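Descriptive structure summary
If you want the building blocks of each chain, they are given just below.
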Amino acid sequence: MDVTLPEETLLEMYWIMLLSRRLDERAWALHRQGKIAFHISAIGHEAAQVGAAYAIRRGYDWIAPYYRDLTLMLALGYTPREFMLSLMGKKGDPSSGGRQMPSHWSLKRANVISHSAPVATQTSHAAGIGLAIKLRGEDKVVITTVGEGSTSQGEWYEGVNWAAVHQLPVVFIIVNNLYAISVRQEQQMAVRNAADKALGLGLPGVSADGMDFLAMYQVMKEAVERARSGGGPTIVEAKVYRITPHSSDDDDRSYRPREEVEQFKQRDPLSLARQRLEKEGLLSAQKVAELEQRAKEVVEDAVRFGESAPYPDPEEAAYPVYAEEVRHA
Ligand SMILES: Cc1ncc(C[n+]2csc(CCOP(=O)(O)OP(=O)(O)O)c2C)c(N)n1
Ligand SMILES: [Mg+2]
């Protein structure tokens, strides 16, 4: 593979994946300790997300993410402390001030738009932003993510079709982790690759190994360049595996065999990245241990920060959902 990224960038990408993994693991523990109400995990998806993030101009381009995008968010500058505020429903949560479910991201300073719980609604938002960019003559790009199951939603087709007709600067990422909660890909679509749906929409569709951060980066880089230079949208499918259950409220033992999970764990994206960087001579066992120690400290700090942060004031419960001027008849 012909990816020439500076050494510091490769190490930074690894660090973000590692930090995401350790934060995510802590979120599961916090849930089991009864300290948070809900968690939905990015474990197994880290490489696809960091590969996508580094292919755009962060802070300049627009992002319409979905709930599994913790690593993408960290790469965009979302902090571990902010993540803990969101998990714990605290006032300082940048997405909603503690009102929305955790992992329903938005981050104004990073051009991450607010995300709604019905799946695939972000697809039409992304198409709309793409249209605005085109009408204004800007050279920005939008990336949007969605799970493979959510591409069965009418809204997904409508958004992608609109962007295809108008050749808008949007990259539509399909994160194919084989399951939509308990529903496997074959029960959800008749095409082998989710990216094959591009054919019927008149777009290029590419499948990438989403367990390999550089493979994903390479595919995304081309799609983003195409969008930025007026070449229109691309559908990029990231083939990954959801190593954890769907969410903290799901028991995946009821619908998938343990052997399958174990088999995919052999291609854990974090281990693959570490092996690759070790082979290139960029990481050593000592360096990995140092990064692990740093991640532990950052996670500890974030948890302490989150636990000591205030909850939203009860008087503010309706804000900003309802205008304060609204009067009841
Ligand atoms: C319109 C709508 N229908 C159902 C749900 C409930 N729901 C939340 S996540 C999910 C599964 C989505 O699976 P997929 O798109 O493959 O993403 P993944 O969770 O696997 O990353 C479902 C059905 C929802 N949020 N919105
Ligand atoms: Mg899925």
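Position numbers for residues start from 1 in each chain and track the written sequence from start to end. Each chain takes a letter, starting from A, and each ligand takes a number, starting from 1, following the order in which they are written. Only residues with pLDDT of at least 70 get local features here, since the model is predicted, and only at 80 or more are side-chain atom pairs given and counted; chain-wide, interface and lining totals rely on the full set of residues. Neither water nor hydrogens contribute to the side-chain values; these are computed over all heavy atoms in the structure.

Here the focus is the site of ligand 1. In this text, near means that some heavy atom of the residue lies within 4 Å of the molecule or strand in question. Around ligand 1, 16 residues are found, and the nearest of them are Tyr66, Tyr67, Arg68, Ser150 and Tyr179. Polar contacts here mean pairs of N or O atoms no more than 3.5 Å apart (in protein, one a potential hydrogen donor and the other a potential acceptor; neighbouring residues in sequence count only if both atoms are side-chain atoms). Between ligand 1 and Ala117, the relevant distance is 3.0 Å, taken from a nitrogen atom to a main-chain nitrogen or oxygen of the residue. Between Gly147 and ligand 1, the recorded distance is 3.4 Å, taken from a backbone N or O atom to an oxygen atom. When its residues are assigned to classes, the shell around ligand 1 shows eight nonpolar, six polar and two charged. Classes in brief: Ala, Val, Leu, Ile, Met, Phe, Trp, Tyr, Cys and Pro nonpolar; Asp, Glu, Lys and Arg charged; the others, Gly included, polar.

Going along the chain from the N terminus, every DSSP run of H or I of four or more residues is numbered as a helix, and every run of E of two or more is numbered as a strand. The residue Asp24 is located in helix α1 (residues 7-32) in this model. Accessibility here uses a 1.4 Å probe with only protein chains present; expressed as a share of the type maximum, an area under 20% marks a residue as buried, one over 50% as exposed, and anything in between as partly exposed. Positive charges come from Lys and Arg, negative ones from Asp and Glu, while His and the chain ends are left out of the count. Think of a salt bridge as a Lys or Arg side-chain nitrogen and an Asp or Glu carboxyl oxygen that are within 4 Å of each other. No salt bridge is formed by the buried Asp24; its nearest oppositely charged neighbour, Arg21, is found at 6.6 Å. A polar contact is formed between the side chain of Asp24 and the side chain of His39, at a distance of 2.6 Å. In this structure the side chain of Asp24 is engaged in a polar contact, spanning 2.8 Å, whose partner is the side chain of Ser41.

This part takes up the pattern of salt bridges. Counted according to the given criterion, the structure contains 23 salt bridges. The closest approach of N and O atoms between Arg136 and Glu138, which form a salt bridge, is 4.0 Å. Judged by relative accessible area, Arg136 falls into the exposed class, the value being 62%. Of the charged contacts in the structure, one is a salt bridge between Arg256 and Asp252, with a shortest N-O distance of 2.8 Å. Comparing Arg256 with Asp252 shows no difference in burial state: the two are buried. Because the salt bridges share partners, they merge into one network encompassing Arg21, Glu46 and Asp268.

Right, let's talk about unusual backbone geometry for a bit. Of note in this structure, Ser103 is not a glycine but carries a positive phi near 70°. Within the secondary structure layout, Ser103 lies in the loop between α4 (80-87) and α5 (121-136). In this structure, Ile181 takes a positive phi of about 50° despite not being glycine. Examined against the element boundaries, Ile181 turns out to sit in the loop between β4 (179-180) and β5 (183-184). What makes Ile181 partly exposed here is its relative accessible area of 42%.

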